[in-house]
Amino acid sequence: MFKGANLFLRSEKFLTFVSIPNRSLWRNARDRFFQNSAATGGLVALFLVVLFALFGPHIAAWNHEDIDWNLLGNVREQGAPSWQNGHYFGVDELGRDLFARTAQGTRISLMVGIVGAFIAVVVGTFYGACAGYVGGRVDGLMMRLVDILMSIPYMFVLILLLVMFGRSMLVLFIGIGLISWLDISRIARGQTLSIKKKEFVEAAAAMGVKPIIIILRHIFPNLMGVVIVYATLLVPSMIIYESFISFLGLGVQEPATSWGVLINDGASQMSYGTLWQLLFPLFFFVVTIFSFVFIGDGLRDALDPKDR
Amino acid sequence: MTAGLQIENISVIFRVRRRHAWPWRPPSLLCAVSNISVSLLEGETLGIVGESGSGKSTLAKAIVGIVRTSTGAIVWRGQNLSQMSAHERRASAKDVQMVFQDPLAALNPRMTIGDIIEEPLRTHCPRMKRNERQEHILEMLERVGLHASHINRYPHEFSGGQCQRAAIARALVLKPKLLICDEAVSALDVSVRAQIINLLTSLQRELGLSMIFIAHDLSVVQHVSDRIAVMYLGHLIEEGPSREVVQEPRHPYTQALIESIPSPDPSAGGPRRQKLLRGEIPSPLNPPSGCVFRTRCIIARQACAHEMPPMTPISDQRRVACPYSVEDAL
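Residues numbered from 1 in each chain as written. Chains lettered and ligands numbered in written order. Predicted model: local features only at pLDDT ≥ 70, side-chain atom pairs only at ≥ 80, totals over all residues. Heavy atoms only, no water.

(A) Region of the structure containing the overall build of chain B. If you tally the helices and strands in chain B, you get ten helices and twelve strands. For a compact globule of 330 residues, the expected C-alpha radius of gyration is about 20 Å, and chain B comes in at 21 Å, within 12% of that figure. Viewed in the frame of its principal axes, chain B has a C-alpha envelope of about 65 × 60 × 45 Å. When the accessible surface of chain B is totalled, it reaches about 15,500 Å², and 49% of it is carbon and sulfur. Considering chain B, the positive charge centre built from 38 side chains and the negative charge centre built from 32 side chains are found 7 Å apart. (Helix = DSSP H or I, 4+ residues; strand = E, 2+ residues; numbered from the N terminus. Rg over C-alpha atoms; globule rule 2.2 N^0.38 Å. Areas by Shrake-Rupley, 256 points an atom, 1.4 Å probe, with all protein chains shown as cover. Lys, Arg positive; Asp, Glu negative; His and termini not counted. Charge placed at Lys NZ, Arg CZ, Asp CG, Glu CD.)

The structure is reproduced here in structure tokens:
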């Protein structure tokens, strides 16, 4: 069989084989991703949430800061969602338009979640892969540093940062970024330890490939499956961190808002019969978290070439 | 023919931490390769045989530089590889390439066959143009008997034999001078094994390669090698031209190994002789005193417990590390 193939290759028709279209890894992954209906649904839902965050404030009839004085004091009877007065999602307990506030909160929460998870993935994966690949004392030293950082209560550090440098989104991002990479670096290190014992890594080393290139070319892509799943789970937890900080009054400042603030406010008003104040922000929160989980699941399957 | 590779007294010692030991206790030393000297002429094939745990793979890894040597020198064409800086060492990898045991594990599952074969070119010839590299890859694919259309496939889409062909293509794309095959055919079934061995020997002839062929199966090694070296528990115990070693083994261990080759036709060979090898290979963490083989040797005597006998020449090309078999020969 191989002899035949060789003869064929040596003939003129050889070139026709070379022009076979290149099936790239990413294209295959994309095809596989879209075959997964849950993941596709999640992506669509997330896309809609993003559209809502981008264009919601422009569609809203009210500004998220303005109080509708007609409704103030009478929220329970007249503040429910209605098309007539332009409060599509109703108003909050101060008579502010909930549609505009939810849209604005979605912006902040998504941004915190995605930026936080992104910093965590980039820093954590690189740190963990380097520690695992180099091994020995360096590994011990790097991981003990992670242990020390983990043993410090992160909320305490975050609150200190916000108090010292003032309340701003930038400090919030830096604070969340500083603590969120710790877990992921441990996961990445553990995976790297098993990957670096595989023969293809040894083969690359024997071939004379530099260690940094080995990490980037051989270790990183094989880490991605685990890291991506973890990152998609990290986005919701970042959103929850931010909610908690905002609850303490150190996160986003009024009148700006976020999902955490809105859900908290809604929950505290629950017993007064204004359930819409809880349900609208909660709906977006839940949809987003579910979308991320499904997308993460789909991505993991899609990026694993063995699953084809 | 000139000497290509000279290995002079190399030892590889690992520091092993025992489990459940106190952290302040010193790690025990594991001597995976002890004091081996062997040389390889250009264009020659050296077969290395021995049981599992005899240090064959460690020796191979020491030659390509994945494992650090503790003592001794590896001299390749007059350059001492073991004294080079990491940077020089990587550059020298162009000449010395290796094929691994498990074909599927040796290929990155996230790279296509084309990318895998391209990697050495990207590493050592970064200036080469993309289409030029592509030509080299296609030429290599054809040489090892793969199809040009396989270039965009992933390793898991191939059989073990095809993966091993791809691994050989990767090892040979830089036109190295020395190829080390570490159990390159052990994971393959018999018919595929024959194909790969034929491929290796024909490529060796075409490209003028020197080769170190490692296997635990003497029948395979004898087929491809010009010379054979036998290892046991990190020591070299016999070395010589492959036909002489197989037909007139001197060391009792080599005799036992040859005895254990299964006969293709069991009815033809007459009654099998008694098994010469008993028990398991001792732990390298706790090797026997004196001659490492004495615990399983049928001609072991009191004197064997004192020191490891050195490799003693018994003819121009043969060396044996057993004084009693040397006496027999003289």
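(B) Local environment of the sheet that holds strand S2 (residues 28–41) of chain B. All names here are of chain B. Taken in spatial order, the four strands make up an open sheet running S2-S1-S4-S5, and their pairing is antiparallel. Each edge of the open sheet is held by one strand with a lone partner, namely S2 and strand S5 (79–80). Relative to S2, strand S1 (residues 3–16) runs antiparallel, the two sharing ten bridges. If you follow Leu5 over to S2, its bridge partner there is Leu40. Packing against the sheet, helix H1 (residues 56–64) makes contact with S1, S2 and strand S4 (71–76), and its axis sits at approximately 115 degrees to S1. (Pairing = 2+ DSSP bridges. Contact = heavy atoms within 4.5 Å. Axes fitted to C-alpha atoms, helices over the stretch in contact; angles between N-to-C directions.)

(C) Main features of the nonpolar core. Ranked by internal contacts, the top residues of the largest apolar core, which has 72 residues, are Ile214, Leu223, Ile245 and Trp259 of chain A. Sort the elements by how many residues they give to this core and helix H6 (residues 98–134) of chain A lands first, with 15 residues. If near-sequence neighbours (up to four positions away) are discounted, Ile214 of chain A is found in contact with Tyr133, Val201, Ala204, Ala205, Val209 and Ile219 of chain A. Of all hydrophobic cores here, the second largest spans 68 residues; its members include Val99, Val173, Val245 and Tyr324 of chain B. (Core = buried A, V, L, I, M, F, W, Y, C linked by side-chain atoms within 4.5 Å. Buried < 20%, exposed > 50% of the residue type's maximum accessible area, 1.4 Å probe, protein only.)

(D) Structural view of the sheet that holds strand S3 (residues 45–49) of chain B. All names here are of chain B. Strand order in the open sheet made by the eight strands is S6-S7-S8-S3-S9-S10-S12-S11, with mixed pairing throughout. In this open sheet, the two edge strands, each paired with only one partner strand, are strand S6 (96–99) and strand S11 (312–313). Two strands pair when backbone bridges link them, and S6 and strand S7 (residues 178–182) are joined in this way by four bridges, in the parallel orientation. Residue pairing across strands places Val99 opposite Cys181, the latter belonging to S7. In the packing of helix H9 (residues 252–259) onto the sheet, contacts are made with S3, strand S9 (227–232) and strand S10 (235–241), and the angle to S9 comes to roughly 105 degrees.

(E) The arrangement of the pattern of salt bridges in detail. Enumeration according to the criterion identifies 18 salt bridges over all chains in this entry. Two residues, Arg217 of chain A and Glu119 of chain B, come together in a salt bridge whose shortest N-O distance is 2.9 Å. With Arg217 of chain A in helix H11 (residues 211–247) and Glu119 of chain B in helix H3 (residues 113–124), the pair connects residues from two separate chains. The burial state of Arg217 of chain A is the same as that of Glu119 of chain B; both residues are buried. (Salt bridge = Lys/Arg side-chain N within 4 Å of Asp/Glu carboxyl O.)

(F) Structural detail: a nonpolar patch on the surface. Residue and element names in this part refer to chain A. Nonpolar side chains collect at one region of the surface, where Val44, Phe47, Leu48, Val50, Leu51, Leu54, Phe55 and Ile59 lie side by side and expose about 730 Å² of accessible area between them. Turning to its location among the elements, Val44 is positioned in helix H4 (residues 37–59). Residue classification places Val44 among the partly exposed residues on the basis of a relative accessible area of 46%. (Patch = residues over 30% accessible without salt bridge, like charges linked within 9 Å, V, L, I, M, F, W, Y side chains within 5 Å.)

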